[in-house]
Amino acid sequence: MTSPAEHMSEALSLARKGLLTTRPNPMVGCVITHNEKIIGRGWHEKSGDNHAEINAIHDVLKNLGSNAESALENSEMYVTLEPCSTTGKTPPCSEAIKKYGIKKVFIASEDNSQDGFANKADGIEIEVGLLREDARRLNRGFFSRIEKNRPFISAKMGVGLDAGIALSSGESKWITSSESRKDVHKMRAENDAILTGIGTIVADNPSLTSRDSGYDEDKVMQPLRIVIDRNNKLTGNESIFQVEGNNLIFSSNQNIDSHNTDFYPNPSNKEINLKEIVQYLAKEKSINNLMIESGSGMFDALLDEQLIDEIILYQAPKLLGKDRKSFSNLDVTNEKLSTIDFQIIETTNLGEDKKIILRPNYK
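Residues numbered from 1 in each chain as written. Predicted model: local features only at pLDDT ≥ 70, side-chain atom pairs only at ≥ 80, totals over all residues. Heavy atoms only, no water.

Points about the overall build of the protein chain
Definition in use: Elements are defined by DSSP. Helices are runs of H or I of four residues or more, strands are runs of E of two residues or more, and each kind is numbered from the N terminus. Each residue's exposure class comes from its accessible area (1.4 Å probe, protein chains only) as a fraction of the maximum for that residue type: buried when under 20%, exposed when over 50%, partly exposed otherwise. Pairs of residues are marked as contacts when any of their non-hydrogen atoms sit within 4.5 Å. Values of accessible area rely on a 1.4 Å probe in the Shrake-Rupley scheme; residue burial ignores everything except the protein chains shown. When charges are counted, neither His nor the chain ends are considered; positive counts come from Lys and Arg and negative counts from Asp and Glu. For charged residues, the charge sits on one atom: NZ in Lys, CZ in Arg, CG in Asp, CD in Glu.
Broken down by element type, the protein chain carries 10 helices and 16 strands. A burial count over the protein chain gives 51% of its 363 residues as buried. When contacts within the protein chain are restricted to residue pairs at least 6 apart in sequence, those whose partners lie at least 24 apart make up 65%. With the model as given, the accessible surface of the protein chain reaches about 17900 Å², and the carbon-plus-sulfur share is 44%. Within the protein chain, the 53 negative side-chain charges are centred at a point lying 2 Å from the centre of the 44 positive side-chain charges.

What follows is the structure, given as structure tokens:
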């Protein structure tokens, strides 16, 4: 006999199939059962297309033919996110659930962007919270955007054993292994946007694209590249202007002629504020997951503002020496020691490197 948790676990697995294609919508999976046997499965495949619940209902109709409607009237639905009850690009799923007479709906996590499925589901038994933590982890960026008004922010750094990210000359290429670099391309594919500073652009001239992620390249949407250029150093000849994908530049110089570039509407006399930037990205650009690829200056500023949710360190077995550039130069006096500490979430080996995922504990 299968359990409700097993059905919801399968719904979560279905939801993950939309990892690269649903943004800015959340990933959602749905399973429909009759007499504890699965009769339909669905997931949200692409933004603007049917939601998971509708695809699961259609799957039942296809699987059971003339017996489908009677089965649906006595069925149970397992869905990883509260069904929508408002009209967006598609009609509300709540109407379809009521139309087909589904008797009970298990919901993993609530969705505060909706006005309450329970309020529009008279006669339907509802159970909320089954595998809630797993569901929220899956869509952590969406929940951050909806509840915190900013994206979930991950900062990536390639470092040596001595925390160096570059030699004193600024040379920083190929500190980490090819396996680590491939993993970074995978991370880029999974994020909606990458934020960096002008120092990184000038020093490395990166393209900031996902090129060797291991994912189906037809499904990879290149992340939006965001550059903070306070001193108007960009010329328009940098790599980010020559490659696939779009750019968003925070600068008072808006004279760069590029087909793939927009400029933040920021008055030239206004200081660029990091909190305002990430709130703008959430509200105006619907960015759920934001990746930071920068030097220590921006990293420290974001950390100081308590805006970094996760740090990914790729640590190579190398020493960069006493005059190295470090990934953080945060001013920590004796009085401030341990104002930020970290929880190690995961450690894995990548070639010769270690990948360490940490969560800041802000106090």
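As for helix α1 (residues 4-15)
Going by this rule: Helices are assigned an expected span. That span is 1.5 Å times one less than the residue count. Of all possible arcs, the one meant is that of the directions from the helix axis to the C-beta atoms.
Taking 1.5 Å as the rise per residue, α1 with 12 residues should run 16 Å; its terminal C-alpha atoms sit 17 Å apart, in good agreement. Listed in full, the buried residues belonging to α1 are His7, Met8, Ala11, Leu12, Leu14 and Ala15. In a view along the axis of α1, the buried residues occupy a sector of 160°, so they form one face of it. Looking at the buried residues of α1, the elements they touch are β1 (29-34), β2 (37-43), β3 (76-81), β4 (104-109) and α5 (132-138).

Observations concerning the sheet that holds β3
Note the cut-off: Strands pair, by our definition, only if DSSP identifies at least two bridges between them. Here, axes are lines fitted to C-alpha atoms. For helices the fit covers the stretch in contact, and angles between N-to-C directions go from 0 to 180 degrees.
On the basis of which strands lie adjacent, the open sheet formed by 5 strands has the order β2-β1-β3-β4-β5 and mixed pairing. Bordering the open sheet on either side are β2 and β5 (125-128), each of which pairs with just one other strand. Neighbouring strand axes in the sheet, compared pairwise and without regard to direction, differ in orientation by 15° on average. When β1 meets β3, the two strands line up antiparallel, connected through 4 bridges. The residue of β3 that forms the bridge with cysteine 30 is valine 79. Sitting on the sheet, helix α2 (residues 52-64) is in contact with β1, β2 and β3, with an inclination near 135° to β2.

Quick word on the packing of aromatic side chains
Aromatic ring pairs are defined here through the distance separating the ring centres and the angle between the ring planes. The line we're drawing: Between rings of Phe, Tyr and Trp, where Trp is taken as its six-membered ring, a pair exists when centres lie within 6.5 Å; planes separated by under 30 degrees are stacked, by over 60 edge-to-face, and by other angles tilted. Placement of a positive charge over a ring is assigned whenever Lys NZ or Arg CZ falls within 6 Å of the ring centre and within 35 degrees of the normal to the ring plane.
Within the structure shown, the criterion is met by 5 aromatic pairs. The interplanar angle of 65° and the centroid separation of 5.7 Å between the aromatic rings of phenylalanine 142 and phenylalanine 143 together place this pair among those described as edge-to-face. A relative accessible area of 6% means that phenylalanine 142 is categorised as buried. Ring pairs connect the aromatic residues Phe250, Tyr264 and Tyr280, which therefore count as one cluster. Directly above the ring of tryptophan 43 sits lysine 17, whose terminal nitrogen or CZ lies 4.4 Å from the centroid. A cation sits over an aromatic face here: arginine 136 above phenylalanine 143, 4.3 Å from the ring centre.

Notes on the sheet that holds strand β8 (residues 193-197)
The strand order across the open sheet built from 9 strands is β11-β10-β9-β8-β12-β6-β13-β16-β15, with neighbouring strands paired in mixed fashion. Looking at the sheet topology across the chains shown, the edges are occupied by β11 (261-263) and β15 (340-350). Neighbour-to-neighbour, the strand axes of this sheet turn through a mean angle of 25°, independent of strand direction. Sitting on the sheet, helix α6 (residues 140-148) is in contact with β6 (152-159), β12 (289-292) and β13 (310-315), with an inclination near 130° to β6. Against the sheet, helix α7 (residues 178-190) touches β6, β8, β12, β13, β15 and β16 (353-362), its axis set at about 160° to β13.

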